[in-house]
Amino acid sequence: MKFFKYSFKALKRNYLKLSIMTIICICSSVIGLLIPIISGTFINNLIINPSMEVIINFCKIMIIASIIDFIFKYLISILHIKIQVSASFFLNFKILKKLQHANLLKLQEHESSYFNQRINNDVNAIIMYIINLIKDVIINSIALIFSMLFLINIDYRISLIFILVILFYIIFYKFLRKRIQVIKNKVLENRAKYYARLQDQILYAKFIKIYNFGNRLASYLKKEYENLKRILIIDQKYTYFLSFGEQSAMLVIQLIIYIIGGLKVLSGDLSIGMFTVVSQYFYKIISSIKFFSSLYQQYLSTFVSYSRLIEIENLETDSKGEIVLDDIESIEMKNISFGYENEKVIKNFSLLMNKGEIYVFLGENGSGKTTLINLLIGLYTNYTGEIKYNSINQDKINLYKTRERCFGVISQAPLLFNGTVKDNLMIDKDISWANLEQYLLKFNLITKEENINNFLDKNINELTTRMSGGEGQKINIIRELLRNRSILVLDEPTSSLDYASKELLKKMITRIKDDHIIILISHDREFLEGLQSKKIYVKNRSI
């Protein structure tokens, strides 16, 4: 199976646990198979020698067997959860690492919650299927083979019945396989979309309150709910149809075996005790057949999950150049054109930028200024034309490592992650503590009397609801000033700043410009006034 190979590394890390679990499963199966024989022997002994001693001995054996079986099943469950958590995390982490290198435009086609739900659900589906397959196939195979051999030994005609049933299952599932696979795929896709809309109800709580937008978001949620409900009903109909087919086949087998067994009891060829053993082994066979039949249904669902994960992993990725730059002296954009689907956003744009200058991009909203920034720093790579750093084509450069070493970005919405202020400020571990304290004082984030750690230990969540927008903006600014990269990109950096902080930022970028390429987008005329810069007017999506 393809998804066995796909998840091999995740499971290989748990090889010892899997091996131990397999051995315990075999032992547990043996216990389960001995209990019917013990019960049947007890009934025969009780008929032959009806005494309290027979009952007590039976109870002792059953208690010991049950305790051993309980211990085995407990160990299996603990090993199962350890393997599942470890393997799922490994596979989740592997996929998310690949997703980080996926084309940003492709990622922006869906909400982050959609990808989270989809990846987590599909990874767990694959890992749980494989673990259950290893565990339950062993238990059910042993039970099925031993029970069938026992019943065939009673009467060979029983084997013919089971062969007919197996052929029935193969034909039955082959007929419905493709349709079930399509439905399972739609269930998973609609469920991911539904949960993404469900998360919106909390994620955009502030937006809902300000714009009284709850009913509109609720309508989006209801639409996804109706889609999910419709496909779940269809899925349930197919599931019931399959279940009805299984139960009908099982009923026929059950009646035939009871007739054969009953006739043998009447003829004296089978004791009452052995007839109970036959009954119990019959149910074990039925249970095993149901397991193997459901295994195919699970396989179809799991294969859908595997296909969806492969689809994510095959998303278009950024360029994979090998050259890593530690400093950038110049950026050249030559005849750049770029668009979203069929709409051109940038047309034949050319520009040369050198260290020691401040470049201000001006233009109306929607003219393509922010898109140009994303192209400059390599977030969008599916353009035509050339972008060069130090006269080296962008596609030959390792953009991830080069961005880390050469770019600092200050955006209108502060780029902060969940964690403390300190975590966000100290992305680089070797920053100057003295400089950090000075910046915090200058931007009025702390006072001289205040303990700096009280501020640094503040928590930040995804939407920075634990601090004001101005504080988040200042943290973003201070972080990039401390990192001191050769290219500083500022996209509407003053939107949440007070007058004093704007003036301070202006002084700082003026002071450092000789050693940097500074790229600025701003509509703040007051901030731009007196700033020595080269202005680039972006109009009608061109320079």
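One structure accompanies this document, and this report is about it. (Residues numbered from 1 in each chain as written. Predicted model: local features only at pLDDT ≥ 70, side-chain atom pairs only at ≥ 80, totals over all residues. Heavy atoms only, no water.)

## A few points about the overall build of the chain
Next up, step 1: From N to C terminus, the chain includes 18 helices and 11 strands.
Next up, step 2: The C-alpha atoms of the chain give 34 Å as radius of gyration, which overshoots the globular expectation for 543 residues (24 Å, by more than 25%).
Next up, step 3: Its C-alpha atoms give the chain principal-axis dimensions of roughly 110 × 55 × 50 Å.
Next up, step 4: Sorting the 543 residues of the chain into buried and exposed places 45% on the buried side.
Next up, step 5: Here the contacts in the chain between residues at least 6 apart in sequence split such that 79% fall between residues at least 24 apart.
Next up, step 6: By element, 58% of the accessible surface of the chain is carried by carbon and sulfur atoms, the whole surface being about 29,200 Å².
Next up, step 7: Taken together, the 68 basic and 49 acidic charged side chains of the chain have centroids lying 7 Å from each other. (Helix = DSSP H or I, 4+ residues; strand = E, 2+ residues; numbered from the N terminus. Rg over C-alpha atoms; globule rule 2.2 N^0.38 Å. Buried < 20%, exposed > 50% of the residue type's maximum accessible area, 1.4 Å probe, protein only. Contact = heavy atoms within 4.5 Å. Areas by Shrake-Rupley, 256 points an atom, 1.4 Å probe, with all protein chains shown as cover. Lys, Arg positive; Asp, Glu negative; His and termini not counted. Charge placed at Lys NZ, Arg CZ, Asp CG, Glu CD.)

## As for empty space enclosed by the protein
In this approach the atoms are scanned with a rolling probe the size of a water molecule, which exposes any empty space left behind.
Next up, step 1: This structure, assessed with the given rule, holds 3 cavities of 30 Å³ or more.
Next up, step 2: The volume enclosed by the largest cavity comes to roughly 40 Å³.
Next up, step 3: Lining the largest cavity, in full, are Ile 95, Lys 98, Leu 99, Ala 102, Ile 312, Glu 313, Leu 315 and Thr 317.
Next up, step 4: Contributing elements (two or more residues each) for the lining of the largest cavity: α4 (52–100) and α10 (272–313).
Next up, step 5: Among the elements that take part in the lining of the largest cavity, α4 stands out by supplying 3 residues, more than any other.
Next up, step 6: When its residues are assigned to classes, the lining of the largest cavity shows 5 nonpolar, 1 polar and 2 charged. (1 Å grid on protein atoms, 1.4 Å probe; cavity = no way out; pocket = protein on both sides within 12 Å on 5 of 7 lines; lining within 4 Å. Points joined across faces, edges and corners; volume = space filled by probe spheres on them. Nonpolar A, V, L, I, M, F, W, Y, C, P; charged D, E, K, R; others polar.)

## What about the side chain of Asn 424?
Next up, step 1: Mapped onto the secondary structure, Asn 424 falls in helix α13 (residues 421–425).
Next up, step 2: Not counting residues up to four positions away in its chain, the partners in contact with Asn 424 are Leu 415, Leu 416, Phe 417, Gly 419, Ile 460, Ile 475 and Arg 479.

## Details of the sheet that holds strand β1 (residues 330–340)
Next up, step 1: Read across the open sheet, the 4 strands follow the order β2-β1-β4-β5; overall the sheet is antiparallel. Single-partner strands in this sheet number two, and they are β2 (343–354) and β5 (392–393).
Next up, step 2: Against the sheet, helix α11 (residues 369–376) contacts β1, β2 and β4 (384–389), and its axis sits at roughly 120 degrees relative to β1. (Pairing = 2+ DSSP bridges. Axes fitted to C-alpha atoms, helices over the stretch in contact; angles between N-to-C directions.)

## Quick look at the pairing of strand β9 (residues 487–491)
Successive residues of a regular strand alternate their side chains across the two faces of the sheet.
Next up, step 1: For β9, the buried fraction is high: 5 of the 5 residues fall into the buried class.
Next up, step 2: Alternating residues of β9 divide into Ile 487, Val 489 and Asp 491 and Leu 488 and Leu 490, and every residue in both groups is buried.
Next up, step 3: Looking at chain direction, β9 and strand β10 (residues 517–521) are connected through 5 bridges and run parallel. Looking at the pairing, Leu 490 lines up with Leu 520 of β10.
Next up, step 4: A crossover links β9 with its parallel partner β10, the connecting element being helix α17 (residues 499–512), and its sense is right-handed. (Right-handed = clockwise from strand over helix to strand, strands pointing away.)

In short, the description is geometric, and any link to function would need to be established separately.
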